[in-house]
Amino acid sequence: MAENSMKPRIRFKGYTDAWEQRKAETLFISYAEKGYPELPVLSATQDKGMVYRDDTGKNIFHDKSNEIGYKRVQPGQFVIHLRSFQGGFAHSAILGITSPAYTIFGVKEGEKQYDLYWKCVFSSPKFVKRLETVTYGIRDGRNISYDEFLTMDFLVPKYEEQLEIADSLVKIDNLITLHQRKYDKIVNIKKALLEKMFPSDAETTPKIRFKGFTDAWEQRKLGDTIDFYSGLTYSPSDIVKDDGVFVLRSCNVQEGEIVDDDNVYVRAGAVNSDNVSVDDIIVVVRNGSRSLIGKHAKIKKNMPKTVIGAFMTGLRYKNSAYLNAVLNTSIFAREIEKDLGATINQITTGAFRKMVFPFPKQPEQSLIGNFFEQLDNLITLHQRQLEKLKNIKSALLEKMFV
């Protein structure tokens, strides 16, 4: 094997030595320590490693008397569990016991092998791909053969380089966790406020509102309040590569944002519908999946030469931020359920226009709309940070290992 092929493409300053080739059997040792029923029961997860079973939120019935036969898992060890070929082995940072059906193993030379380094190796795309060679069974019943795993070859850096690699990736994981928590927190705050800042059924005022507003809200039909426009019907012969009019379809609406996804462009001569404008809201009104009906997004920037497809409806309203917030509430979800056909997954424009929603006076609409737009911007910010960090981690997992 050439020396260059025994070095990763990215490594920390000061490290130049080729990595050492070792068989797994020289690196790892299995454990089957039973008789610790006083320890907490652990569950294996794909993304969090070993966790306390009581923290999973799942009420799993088992005979407690059987725990005498469960295997002990110590911090720094790994658990080969069912379907673990999908994402590596479960690392444990905690002490506990787990199913006797699982294989428990750890590093042989604790002073030369860093368990967190191996945690990174076992989650790298290269290793997950290699696991296909040591699995048996079919479909979801496939398992990893520990005996065959022991025959696998690994290129191993010295302990000090293992520390550098693992600690850098752990820092990225910590940042991912931080942004995930912030993202989840803001999403939950938004969800709660969407229920409390709009009147519930049979009420004329919301539970929470901005200071100075006391007037009752009005119930209005959308058709009496906003303007609708229809989407474009086009034929396959109208489609061009990328130098035509962009047609927004349901796949371009994700998480309340406009995204590039299987974009379609048509020749300008085929267009006989309105272009979308800034602050328009586009809504999916027909789709093969009922769950996608009502999916919507607000147009946040100028999009020249852009229309919506035939299965979309465009909405225009002077306070579109407020309208967008209303469409995020359970009120809209209930209105959709009332109007969906029994066999065709669509809401007609006529039915859409008749939907009734609560509207306060314009100043209060503006405050509510701006407030939820700020929440959406925060959610988008953390979402993009998460995507960026995950992409960085994915690239490093690809390039920091041989």
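Now for a description of the structure that goes with this document.

1. Some words on the packing of aromatic side chains
Item 1. On inspection of all chains with the given rule, the structure shows 37 aromatic pairs.
Item 2. With 6.0 Å between their ring centres and 85 degrees between their planes, Phe 198 and Trp 217 make a pair best called edge-to-face. Here the residue Phe 198 occupies a position in the loop between helix 5 (159-196) and strand 13 (218-221), and Trp 217 occupies one in the loop between helix 5 and strand 13, the gap between them amounting to 19 residues.
Item 3. Relative accessible area serves as the criterion here: at 6%, Trp 217 is assigned to the buried category.
Item 4. Following the ring pairs from residue to residue traces out a cluster consisting of Phe 28, Phe 78, Phe 89, Phe 105, Tyr 117, Trp 118, Phe 122, Phe 127, Tyr 146, Phe 149, Phe 154 and Phe 401.

2. What about the packing of helix 2 (residues 115-122) against helix 5?
When two helices pack together, their arrangement is captured by the angle between the axes and the distance separating the axes.
Item 1. Interhelical geometry of helix 2 versus helix 5 gives an angle of 65 degrees and a closest axis separation of 8 Å. Note on packing geometry: the crossing formed by helix 2 with helix 5 is left-handed. Within the contact between the two elements, helix 2 uses Leu 116, Tyr 117, Trp 118 and Cys 120 and helix 5 uses Gln 162, Ile 165, Ala 166, Leu 169 and Val 170.
Item 2. Partitioning the contact of helix 2 with helix 5 into residue classes produces eight nonpolar, one polar and no charged.

3. Examining the side chain of Asp 376
Item 1. Secondary-structure assignment places Asp 376 in helix 9 (residues 362-399).
Item 2. We classify Asp 376 as buried; its relative accessible area is 15%.
Item 3. Excluding anything up to four places from it in sequence, Asp 376 contacts Lys 190 and Asn 324.

4. A word on unusual backbone geometry
Item 1. Phi at Asp 262 is positive, roughly 55 degrees, even though this residue is not glycine.
Item 2. The exposure class of Asp 262 is exposed, given its relative accessible area of 56%.
Item 3. If you check the backbone angles, Asp 279 has positive phi at about 80 degrees while not being a glycine.
Item 4. On the basis of relative accessible area, Asp 279 is assigned to the partly exposed category, the value being 35%.

5. Considering the sheet that holds strand 2 (residues 28-31)
Item 1. On the basis of which strands lie adjacent, the open sheet formed by four strands has the order 2-9-6-7 and antiparallel pairing. Sheet topology places strand 2 and strand 7 (90-91) at the edges, where each strand pairs with a single neighbour.
Item 2. Where strand 6 (residues 78-80) and strand 9 (residues 103-107) come together, three bridges link them in antiparallel fashion. Bridge pairing links Phe 78 to Phe 105 in strand 9.

6. Points about the layout of surface pockets
Item 1. Roughly 1200 Å³ of volume is contained in the largest pocket.
Item 2. What lines the largest pocket is a set of 37 residues, among which Asp 47, Lys 48, Gly 49, Lys 119 and Thr 177 lie closest to the centre.
Item 3. Breaking the lining of the largest pocket down by element, the ones donating at least two residues are strand 4 (49-52), strand 7, helix 2, helix 5 and helix 9.
Item 4. The biggest single contributor to the lining of the largest pocket is helix 5, with eight residues.
Item 5. For the lining of the largest pocket, a count of residues per class yields 15 nonpolar, 14 polar and eight charged.
Item 6. Put simply, the second largest pocket is a space of about 890 Å³.
Item 7. As for the second largest pocket, its lining consists of 34 residues, and the residues nearest its centre are Lys 190, Glu 255, Gly 256, His 296 and Asn 328.
Item 8. Elements with a contribution of two residues or more to the lining of the second largest pocket: helix 5, strand 21 (296-298), helix 6 (320-327), helix 7 (330-339) and helix 9.
Item 9. Per-element tally for the lining of the second largest pocket: the top contributor is helix 9, with six residues.

7. Description of the pattern of salt bridges
Item 1. Scanning the model with the defined rule gives 20 salt bridges in all.
Item 2. For Arg 22, the salt bridge goes to Glu 20, with nearest N and O atoms at 4.0 Å.
Item 3. The residue Asp 238 makes a salt bridge to Arg 267 at a minimum N-O spacing of 3.0 Å. Residue Asp 238 is located in the loop between strand 14 (227-230) and strand 15 (239-240), and its partner Arg 267 is located in the loop between strand 19 (264-266) and strand 20 (281-284); the two are separated by 29 residues in the primary sequence.
Item 4. By relative accessible area, Arg 267 is classed as partly exposed at 41%.
Item 5. Each of Glu 20, Arg 22 and Glu 109 takes part in one network of salt bridges that share partners.

8. Brief notes about the nonpolar core
Item 1. Grouped together as the largest cluster of nonpolar side chains are 72 residues, with contacts concentrated most on Trp 118, Phe 122, Phe 149, Phe 154 and Phe 198.
Item 2. In terms of residues, this core owes the most to one element, helix 5, which gives nine residues.
Item 3. Leave out the neighbours within four places in its chain, and Phe 198 touches Pro 206, Trp 217, Tyr 322, Ala 325, Val 326, Thr 329, Ile 331, Ile 368 and Phe 372.
Item 4. Listed in part, the 13 residues of the second largest apolar core include Tyr 229, Leu 248, Ile 282 and Val 284.

Analysis parameters
Residues numbered from 1 in each chain as written. Predicted model: local features only at pLDDT ≥ 70, side-chain atom pairs only at ≥ 80, totals over all residues. Heavy atoms only, no water. Phe/Tyr/Trp six-rings, centres within 6.5 Å; stacked < 30°, edge-to-face > 60°. Helix = DSSP H or I, 4+ residues; strand = E, 2+ residues; numbered from the N terminus. Buried < 20%, exposed > 50% of the residue type's maximum accessible area, 1.4 Å probe, protein only. Axes fitted to C-alpha atoms, helices over the stretch in contact; angles between N-to-C directions. Left-handed = near helix turned anticlockwise from the far one by under 90°. Contact = heavy atoms within 4.5 Å. Nonpolar A, V, L, I, M, F, W, Y, C, P; charged D, E, K, R; others polar. Pairing = 2+ DSSP bridges. 1 Å grid on protein atoms, 1.4 Å probe; cavity = no way out; pocket = protein on both sides within 12 Å on 5 of 7 lines; lining within 4 Å. Points joined across faces, edges and corners; volume = space filled by probe spheres on them. Salt bridge = Lys/Arg side-chain N within 4 Å of Asp/Glu carboxyl O. Core = buried A, V, L, I, M, F, W, Y, C linked by side-chain atoms within 4.5 Å.

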